[in-house]
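Topology and contacts: notes
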Amino acid sequence: MAAGGAALAAALVAGAAVLAALLWRRRREAAAGRVCVAVLGDLGRSPRMQYHALSLARHGRGVALLGYLQSRPHGDVLRSGSIRLVPVADLRGLRVGPKLVQYVVKVIVQAIQLLYTMLKMDRPSYILLQNPPGLPSIAVAWVACLFWRSKLIIDWHNYGYTIMSLSHGRNHPLVQIAKWYERLFGRLSDYNLCVTNAMKEDLWVNCNIKAITLYDRPAPYFKETPLELQHQLYMKLAKDYEPFKPRTESVSSDAEMSAFTEMDEESGHVIKTRGRPALLISSTSWTEDEDFSVLLKALEDYERYINEGVKLPSLVCVITGKGPLKDYYNGLINKLHFKHIQICTPWLEAEDYPLLLGSADLGVCLHKSSSGLDLPMKVVDMFGCCLPVCAIYFECLHELVKHDENGLIFRDSNELAEQLKMLFLGFPTLEGKLHNFRKNLRASKQLRWDESWDQTVLPLLGQNE
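This is a predicted model, so every value here is computed, not measured.

1. Considerations on the packing of helix α10 (residues 293-307) against helix α14 (residues 413-424)
- Packing of α10 against α14 leaves a shortest axis separation of 8 Å and a crossing angle of 50°. Comparing the axis directions of α10 and α14 gives the class oblique. Judged by the twist between their axes, the crossing of α10 over α14 is right-handed. Between α10 and α14, the contacting residues are Val294, Leu295, Lys297, Ala298, Leu299, Asp301, Tyr302 and Tyr305 on the first element and Ser413, Asn414, Leu416, Ala417, Glu418, Leu420, Lys421 and Phe424 on the second.
- Split by residue class, the contact of α10 with α14 holds 10 nonpolar, two polar and four charged.

Quick look at the structure:
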């Protein structure tokens, strides 16, 4: 038995030596411009990191896109021959002892798993990492960069410790440890990107981290949706969601109808139906930094306005997304009994989401930044589709939403209800604020992601090859 144990130990040592030799050989190989784009989250729900990968691929870089594969990434990512998906297993099911022990064990296992995955890859020139989540990914990426002799770029979307504080409070020991960790390891990066000028200033003043602002910008496929495509989308969604089905029978037997459109099947001509409802859309990750009870209360007031005789259209309210609080809010929605409002909460395919934004009449954003320093990407996408937005106030929102120019800012459900009433009064007339906001968005000639990335990130990579 002793001899067997010694043989096993010898085999393990030999295996470790061979693995170390292989890794060392690969460490010495030329990086050839490869980039690892990493997020310790769902790749399908990480659009900015997908955009980074596509921009790198557009400039001839080989990209390893690393993260959870829970939702399907955009088709452009899947079709790219230069982007390789590197899956990381999600450890949400880990259950060991008290919650604190569970969390510590999960972080340790994630760190080992992530480091192993990164060291298995071909050597990258850069690791471009999203934060948050940064625990343990910042430290792991830094260690991997030390081994590969690569550069670490952190893309700061927010602060992880502020998101953690929504559940535990700012003074919780875990939150304080996360804050210390984020600031310490954040300083070890070679380069930093961030999403707002407010965050850029905060990183410098409070963390001594120099960052470059790369605003979220809409991808090319976020644009107004032609009426024919709108009809196809509505008919597709009507198969699964009642609010998209027609409310009346068509007067013509040759017409195909949705709740919003009607197509003559002989000519293929599409028109918007008379008396159609207004289409209100919001998207969410169903987390603590978005309080959807604000929207639900505003919708209750909107229903009351109609019952009191105000000339307002019926509403279809679509709330897209996945997340931990979805079941909770669906429970609240099911308790509402509206006559003039229908609500549905679908998860849309990546290609359908921009089409629906480009078809909607108004967007609503309930994102309240946990740090007060990041901006909601959903509003960027809505503006790309020339969709006016009502957004809840927080500190740096003015960097994106210009009140009374491209949308409206509200502070509570009463203000939102009043704004909905004002914007939809007389709908669907081509006059009024809703129409003016859309005209302003069309005239604004917004910078798109590709141009912004080429101006901001490409020089950073080019000067350090």
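Text resumes after the structure shown.
2. Here's the deal with the nonpolar core
- Of all hydrophobic cores here, the largest spans 63 residues; its most connected members are Phe244 and Leu356.
- Look past the residues within four positions of Leu356 in its chain and what remains in contact with it is Leu233, Tyr234, Leu237, Phe244, Leu279, Ile281, Val318 and Leu348.
- Judged by nonpolar contacts, the second largest core, of 40 residues, contains Met118, Val140, Ala141 and Met199.

3. Description of the packing of helix α2 (residues 47-58) against helix α16 (residues 449-456)
- For the pair α2 and α16, the least separation of the axes is 11 Å and the interaxial angle reads 70°. Taken as axis vectors, α2 and α16 run roughly perpendicular relative to one another. Where α2 crosses over α16, the two elements pack in a sense that is right-handed. Residue-level inspection shows Arg48, Tyr51, His52, Ser55, Leu56 and Arg58 of α2 in contact with α16, the latter providing Trp449, Asp450, Trp453 and Asp454.
- Of the residues that constitute the contact of α2 with α16, the class distribution is four nonpolar, two polar and four charged.

4. Structural notes on the sheet that holds strand β16 (residues 407-410)
- Reading across the sheet, the six strands line up as β13-β12-β11-β14-β15-β16 and stay open at both edges, with parallel pairing between neighbours. At either margin of the open sheet sits one strand with a lone partner, and together these are β13 (341-344) and β16. Between one strand axis and the next, the sheet turns through 20° on average, direction left out of account.

5. With respect to a nonpolar patch on the surface
- The grouping of Leu100, Val104, Ile108 and Ile112 at the surface amounts to a nonpolar patch, some 380 Å² of accessible area in total.
- Here Leu100 lies in helix α4 (residues 99-120).

6. Focus: the pairing of β13
- Here strand β12 (residues 315-320) pairs with β13 via four bridges, running parallel. Bridging across to β13, Val316 finds its partner in Gln342.
- In this region the chain leaves β12, passes through helix α11 (residues 326-334) and returns to the parallel neighbour β13; the handedness of that crossover is right-handed.

7. Looking at the packing of aromatic side chains
- Going through the model one piece at a time under the given rule, you end up with 17 aromatic pairs.
- Seen from their ring centres, Trp286 and Tyr329 are 5.7 Å apart, and the 35° between their planes marks the pair as tilted. In this pair, Trp286 sits in the loop between β11 (278-283) and α10 while Tyr329 sits in helix α11, placing the two residues 43 residues apart along the sequence. Each member of the pair Trp286 and Tyr329 is classed as buried.
- Taken together, the aromatic side chains of Trp286, Phe292, Tyr328 and Tyr329 make up a single cluster linked through ring pairs.
- Over the ring of Tyr393 we find Arg411; its NZ or CZ atom is 4.0 Å from the centre of that ring.

Reading the values: rules and limits
- Residues numbered from 1 in each chain as written.
- Predicted model: local features only at pLDDT ≥ 70, side-chain atom pairs only at ≥ 80, totals over all residues.
- Heavy atoms only, no water.
- Axes fitted to C-alpha atoms, helices over the stretch in contact; angles between N-to-C directions.
- Helix = DSSP H or I, 4+ residues; strand = E, 2+ residues; numbered from the N terminus.
- Parallel < 35°, antiparallel > 145°, perpendicular 65-115°, else oblique.
- Left-handed = near helix turned anticlockwise from the far one by under 90°.
- Contact = heavy atoms within 4.5 Å.
- Nonpolar A, V, L, I, M, F, W, Y, C, P; charged D, E, K, R; others polar.
- Core = buried A, V, L, I, M, F, W, Y, C linked by side-chain atoms within 4.5 Å.
- Buried < 20%, exposed > 50% of the residue type's maximum accessible area, 1.4 Å probe, protein only.
- Pairing = 2+ DSSP bridges.
- Patch = residues over 30% accessible without salt bridge, like charges linked within 9 Å, V, L, I, M, F, W, Y side chains within 5 Å.
- Areas by Shrake-Rupley, 256 points an atom, 1.4 Å probe, with all protein chains shown as cover.
- Salt bridge = Lys/Arg side-chain N within 4 Å of Asp/Glu carboxyl O.
- Right-handed = clockwise from strand over helix to strand, strands pointing away.
- Phe/Tyr/Trp six-rings, centres within 6.5 Å; stacked < 30°, edge-to-face > 60°.
- Lys NZ or Arg CZ within 6 Å of the ring centre and 35° of its normal.

Shape is all these values report; function is a separate question.
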